[in-house]
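Fold and geometry: a report
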Amino acid sequence: MLGSIRTFTIVGVDAHEVRVEADVSSGGLPSFALVGLPDAAVRESRERVRAAIANSGFAFPKTRITANLAPADLRKAGPGFDLAIAAAVLVASEQLHAARLEGIVLAGELALDGSIRPIPGAYAIAQAAAQRGAEAIAVAEASAPEAGLAGGVRVVPVATLAELEALGTDAEPGPPEPLRVEGNGSAPSLPDLADLRGQAYLRRVLELAAAGGHSLLMTGPPGAGKSMAATRLPSLLPPLDDAEAGEAIRIASACGRPIGPLLARRRPYRAPHHTISTAGLVGGGSPPRPGEVTLAHRGVLFLDELAEFRRDALEALRQPVEEGRVTIARASRVLELPCRFQLVAAANPCPCGRGEGSPDCDCPPQSVRRYSAKLSGALADRVDILIAVGQPDAKALSGPAGEPSARVRERVIEARGRQRRRLGAGRSNAEMTPAEARRWCAPDSASEPLLAELVAGGELSGRGHHRSLRLARTIADLAGRERIAADDLAEALALRRRGSP
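Below is a short write-up of the structure.

Reading the values: rules and limits
Residues numbered from 1 in each chain as written. Predicted model: local features only at pLDDT ≥ 70, side-chain atom pairs only at ≥ 80, totals over all residues. Heavy atoms only, no water. Helix = DSSP H or I, 4+ residues; strand = E, 2+ residues; numbered from the N terminus. Contact = heavy atoms within 4.5 Å. Areas by Shrake-Rupley, 256 points an atom, 1.4 Å probe, with all protein chains shown as cover. Lys, Arg positive; Asp, Glu negative; His and termini not counted. Charge placed at Lys NZ, Arg CZ, Asp CG, Glu CD. Phe/Tyr/Trp six-rings, centres within 6.5 Å; stacked < 30°, edge-to-face > 60°. Buried < 20%, exposed > 50% of the residue type's maximum accessible area, 1.4 Å probe, protein only. Lys NZ or Arg CZ within 6 Å of the ring centre and 35° of its normal. Pairing = 2+ DSSP bridges. Polar contact = N/O pair within 3.5 Å; in protein donor to acceptor, adjacent residues only side chain to side chain. Salt bridge = Lys/Arg side-chain N within 4 Å of Asp/Glu carboxyl O. Expected span 1.5 Å × (residues − 1). Core = buried A, V, L, I, M, F, W, Y, C linked by side-chain atoms within 4.5 Å. Axes fitted to C-alpha atoms, helices over the stretch in contact; angles between N-to-C directions. Parallel < 35°, antiparallel > 145°, perpendicular 65-115°, else oblique. Nonpolar A, V, L, I, M, F, W, Y, C, P; charged D, E, K, R; others polar. Arc of directions from axis to C-beta.

**Overview of the overall build of the chain**
Within the chain, the secondary structure is distributed over 22 helices and 16 strands. Projected onto its principal axes, the C-alpha coordinates of the chain cover approximately 85 × 45 × 45 Å. When contacts within the chain are restricted to residue pairs at least 6 apart in sequence, those whose partners lie at least 24 apart make up 72%. Total accessible area on the chain stands at roughly 22,000 Å², and carbon and sulfur atoms take up 50% of it. Where the 61 positive side-chain charges of the chain centre and where its 58 negative ones centre are 3 Å apart.

Pasting the structure below:
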């Protein structure tokens, strides 16, 4: 007899449907074959399924068993197929009623005693199951609250393999408990901008970056406050809206990351170490997996000590920064991953950190040139704001605190509201297309000669021209102006020259 069960597998951050077909044949020697491009974890499910069936009160068929994972050209990875494989075998051996499992998606890992363990991607699987018209999805009890967030499909929490007998009857398990966030749904406290003392210029830059979603590169000596500023940027950003939260939760779920902060509408913040590989930063591997840029989707990616990152890793950031997506090409398929993030980077001016113009700098000129080469070129041209951060004096450090994050955040949210009305929900000035920039960021007649002179002199590339206009639009939005003034454009151009504050 043939048994067929629906399940899903995670590819990148999306769930793809898989049909598990099991055939129990009376002829031949007892065996258990698994086909359909399974990886090592899926192949090992044969032993878990065998023990789980025997320890759940069922009889494991002592015949020839063939389980097929269709489609055959899609590589299957992870232990999430255990529950569907076991159910298909039980249906094929007539120990479960096929009609009761019709329209139900099964996803879970089996323990040897028959209990069901949670798997990554419950939200993404439930979302895809609803889109494919499934009636219900059965997952581990620990995964059920997360799956229930997707909506559109009934979620059935199951604790053991034996509970599959009750599916499709009045005695099936009840709905999952709602997922709760610690602190009554509020986000954990974030570092406050008031801690950043003696850096009025840097505080202004952070507000601009937050208001328009602009990328930022800070260059300065150690201890100047670059890292402190970056960690306080999330406290200035507006909360995730419904669509953005859904995207971020799907990505975190597929990658096995906690989703509690996202439920509280807190934007992702990722700060990988400079020893990270290219695949770890932008995604890759076999099978391809999302990188840090995708985990930072709709949030902030902070790269501290930028010049210490591998050159190939930094060059791989070009497409993600420019297009908001990563394309990973393999022989069998091309995978696209979302990565609309706000890049914030910090670097020292030279290897010793003191700066080439400092009398204490003993770096050889050749070493300084190699070090600076990583901070310039194609990647730097894709950054909206490039500034030099100076070391504050002792008097400024002991002075009064500046505005708290909450007050600055109010102005940021107000500026983002103007952008939402202009560009649509979920978009900021940093995401304007060139056509939109020409429409909404047209310079006045007094500013056009200055822009033309900078482009003609090679100080401003075509990309830099558009980014300067978008930054000027953000400056005007913060000031509540409908049109860009000459002073707005002058400030925007100054913020792209990496000059001293």
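**Topic: the packing of aromatic side chains**
One pass over the structure, following the stated rule, counts one aromatic pair. Pairing Phe 32 with Phe 60 gives two aromatic rings, centres 5.8 Å apart and planes at 50 degrees, and the pair type is tilted. Taken as a pair, Phe 32 in strand 3 (residues 31-35) and Phe 60 in the loop between helix 2 (45-54) and strand 4 (64-70) lie far apart in primary sequence, 28 residues in all. A single burial state applies to Phe 32 and to Phe 60, both of which are buried. Above the ring of Trp 440, the side-chain terminus of Arg 422 is found at 5.9 Å from the ring centroid.

**What to know about the sheet that holds strand 12 (residues 300-303)**
Ordered by their spatial adjacency, five strands build an open sheet running 11-12-15-10-16, and the pairing between neighbours is parallel. The open sheet has two free edges, formed respectively by strand 11 (269-270) and strand 16 (385-388), since each of these has just one partner strand. As paired strands, strand 10 (residues 216-219) and strand 16 are joined by four bridges and run parallel to one another. From the neighbouring strand, Leu 216 faces strand 16, where its bridge partner is Ile 385.

**Details of the side chain of Arg 232**
On the secondary structure map, Arg 232 appears in helix 8 (residues 226-232). Side-chain polar atoms of Arg 232 contact the side chain of Asp 195, separated by 3.1 Å. Excluding residues within four positions of it along the chain, Arg 232 makes contact with Pro 191, Asp 192, Leu 193 and Asp 195.

**Focus: the pattern of salt bridges**
Under the counting rule described, the total for this entry stands at 32 salt bridges. In this structure, Glu 322 engages Arg 467 in a salt bridge whose closest nitrogen and oxygen atoms are separated by 3.1 Å. In this pair, Glu 322 sits in helix 14 (residues 318-323) while Arg 467 sits in helix 21 (residues 462-479), placing the two residues 145 residues apart along the sequence. The exposure class assigned to Glu 322 is partly exposed, which follows from its relative accessible area of 34%. Here Arg 467 and Asp 384 are joined by a salt bridge, their closest N and O atoms 2.6 Å apart. Here Asp 384 lies in the loop between helix 16 (378-381) and strand 16 and Arg 467 lies in helix 21, a separation of 83 residues in the sequence. The burial state of Arg 467 is the same as that of Asp 384; both residues are buried.

**Structural notes on helix 18 (residues 405-423)**
Taking 1.5 Å as the rise per residue, helix 18 with 19 residues should run 27 Å; its terminal C-alpha atoms sit 26 Å apart, in good agreement. Among all positions of helix 18, only Ser 405, Val 408, Val 412, Ala 415, Arg 416, Gly 417, Arg 418, Gln 419, Arg 422 and Leu 423 are buried. Where helix 18 is buried, its residues contact helix 7 (200-212), helix 19 (434-440) and helix 21. Two residues or fewer after helix 18 comes Gly 424, characterised by a positive phi angle close to 110 degrees.

**Digging into the nonpolar core**
In this structure, Ile 53, Leu 106, Leu 161, Leu 167, Leu 303 and Leu 317 are the most contacted members of the largest nonpolar core, which totals 77 residues. In terms of residues, this core owes the most to one element, helix 3 (residues 82-92), which gives 10 residues. Excluding residues within four positions of it along the chain, Leu 303 makes contact with Pro 272, Leu 281, Phe 309, Leu 314, Leu 317, Leu 343, Val 344, Ala 345 and Ala 346. By size, the runner-up hydrophobic cluster in this structure holds 45 residues, among which are Ala 209, Phe 302, Val 389 and Leu 469.

**Quick word on the packing of helix 7 against helix 21**
Packing of helix 7 against helix 21 brings their axes to within 9 Å, and their N-to-C directions diverge by 100 degrees. If you check the angle between helix 7 and helix 21, you find them roughly perpendicular. Residue-level contacts link Arg 204, Glu 207, Leu 208, Ala 211 and Gly 212 of helix 7 to Thr 474, Ile 475 and Leu 478 of helix 21. Here the contact of helix 7 with helix 21 is composed, by residue class, of four nonpolar, two polar and two charged.

**Thoughts on helix 2**
For the α-helix, the turn length of 3.6 residues means that residues three or four positions removed from each other point alike. Buried within helix 2 we find Ser 45, Arg 48, Val 49, Ala 52 and Ile 53. The arc enclosing the buried residues of helix 2, seen along the axis, measures out at 125 degrees, which places them on a common side. Buried residues in helix 2 make contact with strand 3, helix 1 (40-43), helix 3 and strand 6 (109-110).

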